[in-house]
Amino acid sequence: MRDGPFTHGGICQRGMERRLDMNDKRRLLVVDDEHAIAELLSRHLEREGYRVSLAFDGDEALETLENATFDVVLTDIRMPGRDGIALLEASKQLDSTLPVIVLTSINDVDTAVHAMRLGADDYILKPFTLDALSVAVERALERRELILSNRRHREELELAVEEKTRKLRLALSEVQGTFNATVEAMVSSIEARDCETQHHCRRAREYTLMLAHRLGLRGRDLRDAGWGSLLHDVGKIGVADSILLKQGPLDDDEWGDMRKHPIIGYRLLSPIRFLHGASQIVLHHHERWDGTGYPYGKQGEEIPFGARIFMVADAVETITSVRPYKNALPFEAAEEEVVRCAGSHFDPAVVDAFRQIPRSNWISIREKYFADLDQTRTQDESAIVV
Ligand SMILES: [Fe+2]
Ligand SMILES: [Fe+2]
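All residue numbers refer to positions counted from 1 along the written sequence of the respective chain. All chains are assigned letters beginning with A, and all ligands numbers beginning with 1, in the order in which they are written. Predicted model: local features are reported for residues with pLDDT of at least 70 only, side-chain atom pairs are reported and counted for 80 or more only, and whole-chain, interface and lining totals are derived from all residues.

A. Region of interest: the overall build of the chain. Looking only at helices and strands, one finds 16 helices and five strands in the chain. If you take every contact in the chain between residues at least 6 apart in sequence, the share linking residues at least 24 apart comes to 64%. Secondary structure elements are defined from DSSP: runs of H or I of at least 4 residues count as helices, runs of E of at least 2 residues count as strands, and each element is numbered from the N terminus. Residues are defined as contacting one another if the C-beta atoms placed from their backbone atoms lie within 7 Å.

B. Highlighting the nonpolar core. Nonpolar cores are identified as sets of buried Ala, Val, Leu, Ile, Met, Phe, Trp, Tyr and Cys residues joined via C-beta atoms within 7 Å. Exposure in this text rests on C-beta crowding, where 20 or more other C-beta atoms within 10 Å of a residue's own make it buried, 12 or fewer make it exposed, and counts in between make it partly exposed. The C-beta atoms are placed from the backbone. Of all hydrophobic cores here, the largest spans 39 residues; its most connected members are Leu211, Leu231, Val282, Ile309, Val312, Ala313 and Val350. Considering every element that reaches this core, the biggest residue donor is helix 13 (residues 305–319), with seven residues. Val31, Val72, Ile77 and Tyr123 belong to the second-largest nonpolar core, a separate cluster that totals 30 residues.

C. Geometry of the environment of Leu133. With respect to the helices and strands, Leu133 occurs in helix 6 (residues 130–193). Classification of Leu133 as buried rests on a count of 21 C-beta atoms within 10 Å. Each C-alpha atom, one on Leu133 and one on Leu41, is 8.7 Å from the other, the two residues being 92 residues apart in sequence.

D. Here's a closer look at the pairing of strand 4 (residues 100–105). By the criterion of burial, strand 4 is predominantly enclosed, with five of the six residues buried. For strand 3 (residues 72–76) and strand 4, the ladder comprises four bridges, and the chain directions are parallel. For Thr75, the partnering residue across the bridge sits in strand 4 and is Val102. The handedness rule is simple: strands pointing away from the viewer, and a clockwise path from the first strand over the helix to the second, make the crossover right-handed. Assessed by its sense of winding, the connection that carries the chain from strand 3 through helix 4 (residues 84–94) to strand 4 is right-handed. One requirement defines pairing of two strands: DSSP has to find at least two bridges between them. Here five bridges tie strand 4 to strand 5 (residues 122–126), and the two strands are oriented parallel to one another. For Val102, the partnering residue across the bridge sits in strand 5 and is Tyr123.

E. Representation of the pairing of strand 3 in the model. Of all the five residues making up strand 3, five are buried; the element is thus mostly covered by neighbouring parts of the structure. Here strand 3 shows a buried face lined by Val72, Leu74 and Asp76 and a second buried face lined by Val73 and Thr75. Pairing geometry for strand 1 (residues 27–31) and strand 3, over four bridges, is parallel. The residue bridging Val31 from the neighbouring strand is Thr75, located in strand 3.

F. Main features of the sheet that holds strand 1. Strands sit in the order 2-1-3-4-5 across an open sheet of five strands; the sheet is parallel. For this open sheet the edge positions go to strand 2 (51–55) and strand 5, each flanked by a neighbour on one side alone. Averaged over all adjacent pairs, the angle separating strand axes in this sheet is 20°, with direction ignored. Each axis is a line fitted through C-alpha atoms, and for a helix only the stretch in contact is used; angles between axes span 0 to 180 degrees, taken between their N-to-C directions. Packing against the sheet, helix 4 makes contact with strand 1, strand 3 and strand 4, and its axis sits at approximately 160° to strand 3. Along the sheet, helix 5 (residues 109–117) makes contact with strand 4 and strand 5, crossing strand 4 at roughly 170°.

G. How the structure looks around the packing of helix 8 (residues 219–230) against helix 13. Between helix 8 and helix 13, whose axes approach to 10 Å, the crossing angle comes to 50°. Looking at the two axes, helix 8 sits oblique to helix 13. As for how helix 8 packs across helix 13, the hand of that crossing is right-handed. Contact residues: Asp221, Asp224, Ala225, Gly228 and Ser229 in helix 8; Gly306, Ile309, Phe310 and Ala313 in helix 13. Ten residue types, Ala, Val, Leu, Ile, Met, Phe, Trp, Tyr, Cys and Pro, are classed as nonpolar, four, Asp, Glu, Lys and Arg, as charged, and the remainder, Gly among them, as polar. By residue class, the composition of the contact of helix 8 with helix 13 is four nonpolar, three polar and two charged. Roughly parallel here means an angle under 35 degrees, roughly antiparallel means over 145, roughly perpendicular means 65 to 115, and every remaining angle is called oblique. Crossing handedness follows the turn of the near helix against the far one: under a right angle anticlockwise gives a left-handed crossing, and clockwise gives a right-handed one.

H. Structural detail: the packing of helix 3 (residues 58–67) against helix 4. Viewed as axis vectors pointing N to C, helix 3 and helix 4 meet at an angle of 15°, and their least axial separation amounts to 10 Å. Judged on the interaxial angle alone, helix 4 and helix 3 are roughly parallel. As helix 3 packs across helix 4, the resulting crossing turns out to be right-handed. Residues Gly58, Ala61, Leu62, Leu65 and Glu66 of helix 3 touch helix 4, and the partners they reach there are Gly84, Ala86, Leu87, Ala90, Ser91 and Leu94.

I. How the structure looks around helix 6. Given a helix with a known number of residues, its expected span is that number minus one, times 1.5 Å. Taking 1.5 Å of rise per residue, 64 residues should cover 94 Å, and helix 6 covers 93 Å from first to last C-alpha, within 8% of that figure. By the burial criterion, the buried members of helix 6 are Leu133, Ser134, Ala136, Val137, Ala140, Val187 and Ile190.

J. Molecular detail of unusual backbone geometry. Omega for the bond connecting Lys126 with Pro127 falls within 30 degrees of zero, at 0°, which places this linkage in the cis form. Relative to the helices and strands, Pro127 resides in the loop between strand 5 and helix 6.

K. Looking closely at the confidence of the model for the chain. One confidence number per residue, pLDDT, is output by the predictor and ranges from 0 to 100. With 88% of its residues at a pLDDT of 70 or more, the chain shows a mean pLDDT of 87. Counted against residues more than four places away or in other chains, residues 1–23, with its pLDDT under 50, gives 27 contacts. Throughout residues 374–386 the model reports pLDDT below 50, and contacts reaching past four residues in sequence, or to other chains, amount to 12 contacts.

L. Expanded view of the environment of His232. Locating His232 in the fold gives a position in the loop between helix 8 and helix 9 (241–244). By C-beta crowding, His232 is classed as buried, having 31 other C-beta atoms within 10 Å. Measuring from C-alpha to C-alpha, the distance between His232 and Phe310 comes to 9.0 Å, with 78 residues separating the pair along the chain. Not counting the four nearest positions on each side in its chain, His232 is found in contact with Cys201, Ala204, Ile281, Val282, His285, Phe310 and Asp314.

Structure below.
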């Protein structure tokens with residue numbers, strides 16, 4: 001005999017009303033193959049204010065659970081077909097927060113303990129009073145409410161964090177966009193003063209990035225190399241047009257002024273925290289490996305690595321582009337010059353990396369910018385030798 005007698009304990013009227021208030025929307029599923037017992041439990045729980053559904057075996061119970069939402073399941077253990085243990089496992093897979101209370105006879109305590117290990121929230125030994133049943137159901141509901149409210153709280157927090165992160169990213173990308181546009185405008189203003197070198201800075205940046213990447217620069221170092229190469233001549237803002245655009249050779253005084261542009265550029269950029277690394281490249285972009293450059297005559301590894309990389313990229317760009325004083329030369333000429341100057345103008349390690357990059361990579365960057373220029377190409381420019 002699996003089921004013992006049930007007694008209706010004396011629940012006081014006020015307690016009953018309170019439960020009716022609290023539980024009027026809670027849905028319970030009672031599962032027992034003994035119809036009479038299932039119906040007795042159901043009647044009692046309905047009096048307590050719950051909405052109760054019945055199932056008379058494990059399969060029917062599972063189907064019911066799959067089609068509706070419940071707050072507590074009360075199940076007998078021994079049933080034909082899918083028993084209470086199998087139902088417990090299946091229902092926890094459907095909803096891990098759904099409390100399952102197992103009803104079991106006094107001589108089956110081991111099974112009840114096994115059920116608890118599998119995630120049952122409580123067990124009630126038969127025979128039990130209906131009061132005990134009510135208390136177990138209330139306790140299960142309270143526990144579930146706590147779990148659900150914790151989960152809601154966590155989800156709200158996650159949503160709030162997600163929203164804040166999204167707004168922060170948006171704000172950051174707006175700042176970044178404004179910053180990029182400002183820098184691009186600075187570069188355009190440099191290039192506009194000297195239309196013969198249009199796109200020089202942008203091509204030099206791409207060459208520098210390709211070379212820097214080959215040499216293992218990543219993250220912030222790579223970013224600094226990009227900005228530094230793009231802005232390398234920003235200091236020319238402080239050089240008079242009469243010098244900058246002069247068609248003939250510069251005299252000593254004019255050269256003196258021209259050679260100030262790395263320092264002017266450095267002073268412009270170094271106070272901007274985001275451009276501090278780049279400003280080092282700007283400051284040293286005319287130094288030479290053998291110490292014969294300017295403004296400080298630094299040599300070898302005293303010169304920041306980014307600047308040493310840029311020097312090679314800048315030379316390739318200058319040699320293969322047209323200038324007021326020369327035609328553009330083919331890439332082979334640039335290659336020859338860079339290799340010839342390894343160890344004098346250029347860091348030999350950077351020259352090695354330069355030689356490892358296929359020629360077609362350099363040429364495709366160059367062609368990309370000449371495609372841009374096609375729309376504004378002048379008669380003179382058509383004489384460029386590629
Ligand atoms: Fe320069
Ligand atoms: Fe340059």
